[in-house]
Each structure stands twice: as C-alpha cells, then as structure tokens.
Amino acid sequence: MAAPRIIPIFLPYQGCRQRCIYCNERIATGVAPGALSEETLQKIMALSSGRSKPDRRPVQIAFYGGTFTGMAAEEQTRLLRMVQPFLREGRVDSLRISTRPDEIDEDNLDLLRRHGVKTVEIGAQSLVEDVLRRSRRGHTVEDVLSAVKRLRRKGFEIGIHLMAGLPGDSRQSFATTIDRTCILQPDTVRLHPTLVFKDTALETLYNEGRYSPLSLSEAVRQSRYALLRLEKAGIAVIRIGLQTTPEMEIPGNVVAGPFSPALRSLANAGIFRDMASLQLSAVAAEGRTVAFLLSQRDLSDFRGKKNENLAFLTERFGLQGIRIAGSPDYPRGWLTLRSDGRTVVLHRTGLLTTLS
Ligand code: SF4
C-alpha cells in the first residue's frame, strides 16, 4: 500500500515523565510547548489543504513530539475528539500517534482504536540496555518488546524510532539494535543520528568532553548499514535524519553532530557506489565505456553528490567513460551494467551488510 501523506501536529513534551538526555523538542519540532487549541488545529488543517486530486495516497493526522499515551486520558480523548470531524468528512483516512514503549497499556490502545488511530510509532531509540540507561530514556528493552507485542495483538500498524550515536553506543551495539529490530518486524522505522542540541544534558556532557557525536561520514555509514539490513528484512525505512526546522538553522541551536538534510541521499549514494564497484569488478572494463541502466528516480543517488560516484568509478576502474540511462519503468533499487557484450544485474539488497 502507498505510504500515507502525513499531517503532523506537534505536542512537544506532552505526556513525558522525564527528559531524555538529547531532547530539545522546541528545536527538533520548531513548535513551542503548550496545549493544542481548536484554532491552531483549524489553521494546520487549512494549511494542509486536505486531499489533493492527483495525490491518491491515504491521509493521516499524526500527533507527534511527545508521549501521547502518557497524557491524562481526558486530554488524549479531547485531542482525538477534536480531529473526528476530519475523519467523518473523509478529509483524512486515519490517525497516527507517537509514544514511549512504557506508556502503552490495553485500556489506552482500546481508546486509540475507538477513535480511528491506525498507526503507533514507538520511540525505542536503542535496543541495548546500557545505551538506554545512559541516554536517560527511563525504559528498558523489555518495555519495547512488550509494547510491540501488545500493538500487534490489537492490530495496529507499528513504527519504531531508532537513533545512532547515542551515549554509550558503538558500531557493535548499533548493529545489535538493528538485528533486534529486524526480529521485531515493525512495519516502518525512522532513524535519526544523534545531534547535540542547545540546552540539553547532552550539551553539558559534550562541553565537558564526555560525549563525542558521530562524524557525518560515520552517521552515513551506520545509516547505510541500517537501510540495507532493514530493507532485507522487509521493513520500510520511512525517514533518515530529522526534518530540518527553522530553529535548527539558527546558529548555536545545533551544537554538534552529523547535521545534514541529505543523510538518506548520502547513504544511498554509498550503496550505489558499492553496487557499481561490485559489478565492475566482475567484468574487464578497463579502457572501455560502460553503460548503466536504472530507475530514473535513482539517478541522482547513483551519480552521488556533484557526480562524485562517477568520478570515483572512472578512476578506480580505469574507465574511458560511463553512459547512464534512467528509465521511468525500471524498478527502483536495481542496477544493470553493460560492458563489452556482458550484462550484470544487481539489486541493492544483494550487497553484503557489515558494520565493523
Ligand atoms: S520521550 Fe520523546 S519527547 Fe519526551 S523527552 Fe524523551 S525524546 Fe523528548
């Protein structure tokens, strides 16, 4: 089924019992904390313009930015009731919420179900105990497993949020988190490499020299690994990296960390470079002009930033030239190499996935 078009409504910190070490929702969401008013909701919906004709994707209103099921039941009910008219009018098809894994119980799930919530996104962030503890998440790995079990039993679509580069995390523990996520089989994953935001406990640790964020290249490497592993497990990765807000662009708000709006493209470019390298290693292409066929929508990832991939492949394999044909009919993720009468076809999930 097509991915839904999401209308996000942010409820910064609402329902949160404590503050996670890295969290500054004002910078991450660009919204000031406070209860949602009817007037603000109407403004958001007017701006979202509802369902547009050429876009046949289902539409979901999403309550993000806090712990939805951690709020008082009356507040959850108030918010869910506020959006019911849009469901009845057919402007939206269903609802989604984000919450913590330790705030999910049967009564709450029934309340969500009765009001049209279809998807629940759980902030897991890591599936390694020590990383959760050092990140002051206040929940355990077992809480995530129980939450997924409950959600599945009640028939919800399940999303999991993960972070790379949290305090105490390493390549090995991040790979463990990804392995465990593959076993859990959520429908979707969002992955955010950790950024050091102003006015957080993580900023203090960073200033004291007790926390080092991932470099951009390491964040890309870990994202690439996660993308391939999760895709191989049939799990859709619906976002890599936080959506850039105007607050993030204010100097000093992002103190450190791999801040880039292009993380996914950078990870995909690395995947295409590895695919093409593997294919070129299988043919004698030196001194020849080779041709690649791929989906039109993968073209820019294949070329890489400023055509870096083309320059790398030309140099590494001593090519005379590279011809590229992007077709609208060619399936995404596949790459065909033609060289001197030989054809090598590869799908991205055919690449080895290691993180060492
Ligand atoms: S639960 Fe989410 S919104 Fe609440 S403090 Fe932690 S990261 Fe921030």
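Presented here is an overview of the structure given in this document. Computed from a predicted structure; not experimentally measured.

Considering the packing of helix α11 (residues 263-281) against helix α13 (residues 308-317)
Here is step 1 of the chain: At their nearest, the axes of α11 and α13 sit 10 Å apart, and the two run at 25° to each other. The pairing of α11 with α13 is recorded here as roughly parallel in orientation. Along this stretch, α11 crosses α13, giving a crossing that reads as right-handed. When α11 is examined against α13, the residues A269, F272, R273, A276, S277, L280 and S281 are found in contact with a partner set consisting of N309, F312, L313 and F317.
Here is step 2 of the chain: Split into classes, the residues belonging to the contact of α11 with α13 amount to seven nonpolar, three polar and one charged.

So, the layout of surface pockets
Here is step 1 of the chain: By volume, the second largest pocket is sized at about 470 Å³.
Here is step 2 of the chain: If you trace the second largest pocket, you find 18 residues lining it, with S217, V220, L266, G270 and R273 closest to the centre.
Here is step 3 of the chain: If you list the elements that add at least two residues to the lining of the second largest pocket, you get α10 (216-232), α11 and α13.
Here is step 4 of the chain: With six residues, α10 is the single largest residue contributor to the lining of the second largest pocket.
Here is step 5 of the chain: Of the residues in the lining of the second largest pocket, the class split is six nonpolar, six polar and six charged.
Here is step 6 of the chain: Of the domains in this structure, domain 1 (5-261) and domain 2 (275-350) are the two that each give at least three residues to the lining of the second largest pocket.

What counts as what
Residues numbered from 1 in each chain as written. Predicted model: local features only at pLDDT ≥ 70, side-chain atom pairs only at ≥ 80, totals over all residues. Heavy atoms only, no water. Axes fitted to C-alpha atoms, helices over the stretch in contact; angles between N-to-C directions. Helix = DSSP H or I, 4+ residues; strand = E, 2+ residues; numbered from the N terminus. Parallel < 35°, antiparallel > 145°, perpendicular 65-115°, else oblique. Left-handed = near helix turned anticlockwise from the far one by under 90°. Contact = heavy atoms within 4.5 Å. Nonpolar A, V, L, I, M, F, W, Y, C, P; charged D, E, K, R; others polar. 1 Å grid on protein atoms, 1.4 Å probe; cavity = no way out; pocket = protein on both sides within 12 Å on 5 of 7 lines; lining within 4 Å. Points joined across faces, edges and corners; volume = space filled by probe spheres on them. Domains from an automatic or database assignment.

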